[in-house]
Amino acid sequence: MRWLVTGAGGMLGQDLCAVLAEAGESGVVAATRAELDITDADAVRAAVAGADVVLNAAGWTDVDGAEAAEEDATAVNGHAVETLAKEAGGRLIHISTDYVFAGDATVPYSEDAAPAPINAYGRGKLVGERAVRAAGGYVVRTAWLYGAHGPSFVRTMLRLAGERETVAVVTDQQGPPTWSRALATQVVALAGAAAAGRATPGVYHGTAAGQASWYDLAQAVFAEAGLDPDRVRPTTSDRFPRPARRPAYSVLGHARWAGTGVSPLPHWRTMLTAAMPSLS
Ligand SMILES: NC(=O)c1ccc[n+]([C@@H]2O[C@H](COP(=O)([O-])OP(=O)(O)OC[C@H]3O[C@@H](n4cnc5c(N)ncnc54)[C@H](OP(=O)(O)O)[C@@H]3O)[C@@H](O)[C@H]2O)c1
């Protein structure tokens with residue numbers, strides 16, 4: 001198959017390219033932002049024309065920055081995705097987010113739950129999702145990603161552990177800490193299932209099983225690093241005001257994987273242990 005990976009220089013993009021390389025795929029065009037700006041419609045048309053599968057890992061990921069620049073964020077996360085979706089149709093797997101949900105649920109959001117974003121980033125991502133669904137493509141929503149490439153909460157905790165005696169971390173947001181490498185493997189498997197006719201287009205949730213608060217995750221990171229988890233102290237998000245509101249509850253259900261032959265991702269705690277050697 002001929003693959004196009006957009007956003008190939010990002011955290012997930014680099015892992016997608018690594019997974020494809022390990023799988024022995026040779027027809028991979030790994031397009032970083034410098035090589036393919038997805039807001040350039042002509043360049044997108046030309047790039048998509050030569051691909052059997054398009055994995056869109058490009059995105060405006062500055063959630064707080066999007067509040068003051070919603071048009072710019074939506075140009076990337078919404079309108080550029082509309083072009084990609086029109087060109088690629090069912091050949092597109094697009095990465096979206098838990099931030100399309102309000103976060104006021106108490107049980108995991110199903111793939112069909114009604115989106116209601118509470119910040120500018122989420123609104124822009126929803127524009128993109130809707131375009132992909134209308135064009136018959138695949139949406140994989142993920143959340144709370146960390147990985148070997150680029151900054152993430154887990155890597156920040158590892159750094160702070162070396163700099164401070166205690167670290168205050170919020171207890172009042174629940175989510176599924178998800179290793180980008182495991183997600184990349186799942187996305188590539190979804191492409192295979194789609195090509196084999198086992199996965200219908202629509203929304204899939206590429207997040208870890210289980211749930212944790214950022215505080216739980218920080219404690220687990222300290223424990224994995226052989227450090228005292230009690231150096232992580234509980235606090236609440238009202239102590240850390242930020243421009244963009246965050247959903248309090250970001251746990252997603254995984255029912256849509258049934259019958260595809262692709263496994264849902266493992267429990268977040270198991271995944272963290274597997275990921276640790278690649279994170280320091
Ligand atoms: N990280 C998370 O916790 C999380 C959670 C939910 C969903 N997601 C989604 O997962 C996907 C991958 O995110 P990530 O975590 O890998 O973030 P990332 O490391 O910031 O990667 C995003 C990549 O997209 C590139 N990009 C930005 N604007 C572009 C444009 N106009 N054209 C082409 N490329 C562009 C960025 O390049 P520059 O760095 O040069 O700007 C970066 O390489 C995104 O769709 C994101 O919304 C992430």
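In what follows, the structure referred to is the one given above.
I will try to describe carefully the structure that is included in this document. Starting afresh in each chain, residues are numbered from 1 along the sequence in its written order. The model is predicted, so local features are restricted to residues of pLDDT at least 70 and side-chain atom pairs to those at 80 or more, both for listing and for counting; the totals for chains, interfaces and linings are taken over all residues. Note that water and hydrogens are dropped before the side-chain values are worked out from all heavy atoms of the structure.

Comments concerning the packing of helix α8 (residues 214-224) against helix α9 (residues 268-275)
Running from N to C, α8 and α9 point in directions that differ by 40°, and their axes come no closer than 11 Å. The pairing of α8 with α9 is recorded here as oblique in orientation. Where α8 crosses over α9, the two elements pack in a sense that is right-handed. Contacts from D216, L217, A220, V221, A223 and E224 in α8 reach W268, R269, L272 and T273 in α9. Of the residues contributing to the contact of α8 with α9, the split by class is 6 nonpolar, 1 polar and 3 charged. Here, axes are lines fitted to C-alpha atoms. For helices the fit covers the stretch in contact, and angles between N-to-C directions go from 0 to 180 degrees. Helical segments are the DSSP runs of H or I of at least four residues, strand segments are the runs of E of at least two, and each set is numbered from the N terminus. Roughly parallel means an angle under 35 degrees; roughly antiparallel, over 145; roughly perpendicular, 65 to 115; everything else is oblique. In this scheme the crossing of two helices becomes right-handed for a clockwise turn of the near helix relative to the far one and left-handed for an anticlockwise turn of less than a right angle. Note on contacts: a residue pair qualifies if any of its non-hydrogen atoms lie within 4.5 Å across the two residues. Here the nonpolar group is Ala, Val, Leu, Ile, Met, Phe, Trp, Tyr, Cys and Pro; Asp, Glu, Lys and Arg are the charged ones; every other residue, Gly included, is treated as polar.

Structural notes on the pattern of salt bridges
Each reported salt bridge corresponds to a side-chain nitrogen of Lys or Arg within 4 Å of a carboxyl oxygen of Asp or Glu. Tallied over the entire structure, the rule returns 12 salt bridges. Two residues, R141 and E129, come together in a salt bridge whose shortest N-O distance is 2.7 Å. With R141 in strand β5 (residues 138-142) and E129 in helix α5 (residues 120-134), the pair connects residues that are 12 residues apart, well separated along the chain. In terms of burial, R141 and E129 fall into one category: buried. Between R269 and E224 there is a salt bridge whose closest N-O contact spans 2.7 Å. With a 1.4 Å probe rolled over the protein chains alone, any residue whose accessible area is under 20% of its type maximum counts as buried; one over 50% counts as exposed, and the rest are partly exposed.

Examining the environment of T106
Within the secondary structure, T106 is located in the loop between β4 (92-97) and α5. Of the residues examined, T106 reaches a relative accessible area of 73% and is grouped as exposed. In the structure, T106 is positioned 63 residues away from A43 in sequence and 43 Å away in space, judged by C-alpha atoms.

Quick word on unusual backbone geometry
One non-glycine residue, W144, lies in the positive phi region at around 50°. Tracing the chain through its elements places W144 in the loop between β5 and β6 (145-146). Judged by relative accessible area, which is 10%, W144 ranks as buried.

Quick look at the site of the ligand
We call a residue near a given molecule or strand whenever any one of its heavy atoms falls within 4 Å of it. By nearness alone, 23 residues border the ligand, and L12, R33, T61, Y121 and K125 come closest of all. As used in this structure description, the phrase polar contact means that two N or O atoms lie within 3.5 Å; if the pair is within protein, one of them must be able to donate a hydrogen and the other to accept it, and residues adjacent in sequence are counted only when both atoms belong to side chains. A distance of 2.7 Å separates an oxygen atom of the ligand from a polar side-chain atom of T61. In isolation the ligand offers 890 Å² of accessible surface; the protein chains occlude 79% of this area. Looking at the shell around the ligand, the elements that each hand over two or more residues are α1 (11-22), β4 and α5. Broken down by element, the residue count for the shell around the ligand peaks at 3 residues, all from β4. Under the convention used here, a 1.4 Å probe and the Shrake-Rupley method define accessible areas, while residue burial counts only the protein chains that appear.

Details of the nonpolar core
In plain words, nonpolar cores are sets of buried Ala, Val, Leu, Ile, Met, Phe, Trp, Tyr and Cys residues tied together by side-chain atoms within 4.5 Å. Within the largest apolar cluster, 29 residues are counted, with the highest numbers of intra-cluster contacts made by Y146, V169 and L272. Looking at this core, the elements with two or more residues in it are α6 (153-163), β7 (167-170), α8 and α9. No other element matches α8, which puts 7 residues into this core. Excluding its chain neighbours within four sequence positions, the residues that come into contact with L272 are Y146, V154, L217, A220, V221 and E224. Counting 25 residues, the second-largest nonpolar core is a separate cluster that includes L20, V140, V187 and A199.

Side note on the pairing of strand β3 (residues 53-56)
Burial of the side chains of β3 extends over both faces: V53 and L55 are buried on one face and V54 and N56 on the other. Here, strands pair whenever DSSP counts at least two bridges between them. Sheet topology places strand β1 (residues 3-6) next to β3; 4 bridges connect them, and they run parallel. Within the sheet, the bridge partner assigned to V5 lies in β3 and is L55. Judged from the 3 bridges that link them, β3 and β4 form a sheet pairing that is parallel. Directly across from N56, in β4, lies its bridge partner H94.

What to know about the side chain of T6
Locating T6 in the fold gives a position in strand β1. One polar contact links T6 to N56, side chain to side chain, over a distance of 2.6 Å. Those residues in contact with T6 that sit more than four places away from it in its chain are A31, L36, I38, L55, N56, A57 and A58.

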